[in-house]
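One letter stands for each residue in the lines below.
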Amino acid sequence: MAEVLGWEHEMKMKGCGVVLFALPFQGHINPMLQLANILHERGFSISIIHTRFNSPNTANYPHFRFYPIPDGLSQDYVISSDPNLIFAFIKFLNSNCQTPFRDCLSNLMSTASDPIACLVTDVLWHTTQAVADDLKLPRIVLRTSNVLSFLVLTSMSSLFPLQDSEAENEVPELPEFRFKDFSMFEASDPGGFVEFVDTVVQETKASSGIIYNSCEDLEEEYLTKFSSDFPIPIFLIGPFHRYFPASSSSLLPQDKTCISWLDKQQPKSVIYVSFGSVAGIKETELLEVAWGLANSKQPFLWVVRPGLVQGSKWVELLPNGFLEMVGERGHIVKWAPQQEVLLHPSTGAFWTHCGWNSTLESLCEGVPMICQPSFGDQNIDARFISHVWRVGIHLESKIERGEIEKAIRRLMVEPEGQEMRDRIELLKDKMNLCLKPGGSSYRSLDNLVTYMLSL
Ligand code: UDX
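For clarity, every value in this text was computed on a predicted model and none was experimentally measured.

Summed over all chains, the structure comprises 0 disulfides. Note on Cys118: no disulfide assigned, nearest cysteine sulfur contributed by Cys16 at a separation of 11 Å. Relative accessible area serves as the criterion here: at 0%, Cys118 is assigned to the buried category. Distance from the sulfur of Cys434, which forms no disulfide, to the nearest cysteine sulfur (Cys215) is 3.7 Å. Here Cys434 falls in the buried class, since its relative accessible area comes to 2%.

And the structure:
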């Protein structure tokens, strides 16, 4: 309490606004707004600059001020699931938004009632470092994924493009990982990708610090290496979503019928299936997923996002008679209240694309996973889950109904699944403890607040 009063006092003395700028993807908006809430609870006043595209639902955050900036995108722009197009999109945003961002920030700095202590932007908004330098405002970056995946980016020029002959080889210093786990995606312009990554890394080194939605207990062994490569302050204060009840930053309406359907199922019997907000699958794969789930005989809750198969509206591509055949045993929605689903006692496993938010949300609820990563850090996350923490099964061969059925049985029925359940319970306890007084993230957040006030 004395410490809290200390901050309050210091904040009154110095003023304490923070400006945050998220990348407009669901998987990046969620942790940025969670971080904003965490900082707000510590007494900072919060201003959010955001693109018009995928703008957050401001009504859910009456305690923040929002400042939209033009982004050059049409209102009906749809983010592709092709990693090459996503990469091009992020580059486009960086160059298109730099000037509007500068104008907005400089205006905010001259008119804000609270002096602004610092700017927090997603690490991928690399053009904001030059703006921060010009305006003499310290910039701290938020990395929405884990430490290891960012360390891998620093070695990108040696890893990219990956030679086929090396793909399966273990990485000598990190034998749980293979070179292919670090390869991110097959770039159509490898040189352009490496150059982009290099810029992101350089602009991060030029920043005042880095915040991770991760915790020391998960990634202790990579921190020393990270600190020597990045001689800037680093704060692991995650998992962010555990600071408050379920998040309200969903861009799509969450279908609450999931919860009443889960209420009718047996404890730990349901397999929850979702591939996040961006990853896509082919039409043939959708059919294999459908038959794999049907043949497993387990109850399932499946998020079929509109556009999950490119161009699809929703479930029209499912085989004729499929929905009638599975009946009450399956529930399909466009978008779920994922954190509530994972918390529900009927949920027994999560078949996931291993986005970092999904991974953390599942770990924190002790739900073991079936991993089907698509690109980027998801490959690293999947390997963490299956080979480092050993709390899930990596579906590595092509998506095929027999393989799916086998994986579900291994996880839901066989002793191997119970062992994973036991291990993830231990991890869950660790994750929850790190946010409590004396825990690593708790301490790190204290340090972050003190640091922000000292800038
Ligand atoms: C992306 C990348 O894929 C991921 O690897 C990176 O770490 C962050 O950005 P995304 O693919 O959307 O994110 O996955 P993920 O990180 O898991 O984030 C999805 C978020 O949407 C989660 O917070 C999840 O709770 C939420 N969600 C997902 C829902 O609210 N409802 C759903 O039906 C599915």
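Turning next to the sheet that holds strand E10 (residues 270–274). The strand order E12-E11-E10-E13-E14-E15 describes an open sheet built from 6 strands, whose pairing is parallel. What marks the edges here is a single partner per strand, and that holds for strand E12 (330–333) and strand E15 (392–394). Strand-to-strand, the axes of this sheet are offset by a mean angle of 15°, without reference to chain direction. Pairing analysis gives 3 bridges linking strand E14 (residues 369–371) to E15, with the strands arranged parallel. Counterpart to Cys371 in the pairing with E15 is His394.

Around the ligand, the surrounding shell holds 20 residues, and the nearest of these are Ser277, Ala336, Ser358, Glu361 and Gln378. Contact between the ligand and Asn30: an oxygen atom at 2.9 Å from a side-chain N or O atom of the residue. Between the ligand and Trp335, the relevant distance is 3.5 Å, taken from a nitrogen atom to a side-chain nitrogen or oxygen of the residue. When isolated, the ligand has an accessible area of 650 Å², and the protein chains bury 95% of it. Within the residue set of the shell around the ligand, elements represented by two or more residues are helix H2 (26–41), E10, helix H13 (356–365) and helix H14 (377–388). Residue classes in the shell around the ligand are distributed as 5 nonpolar, 13 polar and 2 charged. Taken together, domain 1 (13–238 + 436–454) and domain 2 (257–432) each give at least three residues to the shell around the ligand, which thus spans both.

Before going further, it helps to spend a moment on the environment of Gln34. Note on placement: Gln34 falls in helix H2. A relative accessible area of 8% places Gln34 in the buried class.

Calculation notes
Residues numbered from 1 in each chain as written. Predicted model: local features only at pLDDT ≥ 70, side-chain atom pairs only at ≥ 80, totals over all residues. Heavy atoms only, no water. Disulfide = S-S within 2.5 Å. Buried < 20%, exposed > 50% of the residue type's maximum accessible area, 1.4 Å probe, protein only. Pairing = 2+ DSSP bridges. Helix = DSSP H or I, 4+ residues; strand = E, 2+ residues; numbered from the N terminus. Axes fitted to C-alpha atoms, helices over the stretch in contact; angles between N-to-C directions. Near = heavy atom within 4 Å. Polar contact = N/O pair within 3.5 Å; in protein donor to acceptor, adjacent residues only side chain to side chain. Areas by Shrake-Rupley, 256 points an atom, 1.4 Å probe, with all protein chains shown as cover. Nonpolar A, V, L, I, M, F, W, Y, C, P; charged D, E, K, R; others polar. Domains from an automatic or database assignment.

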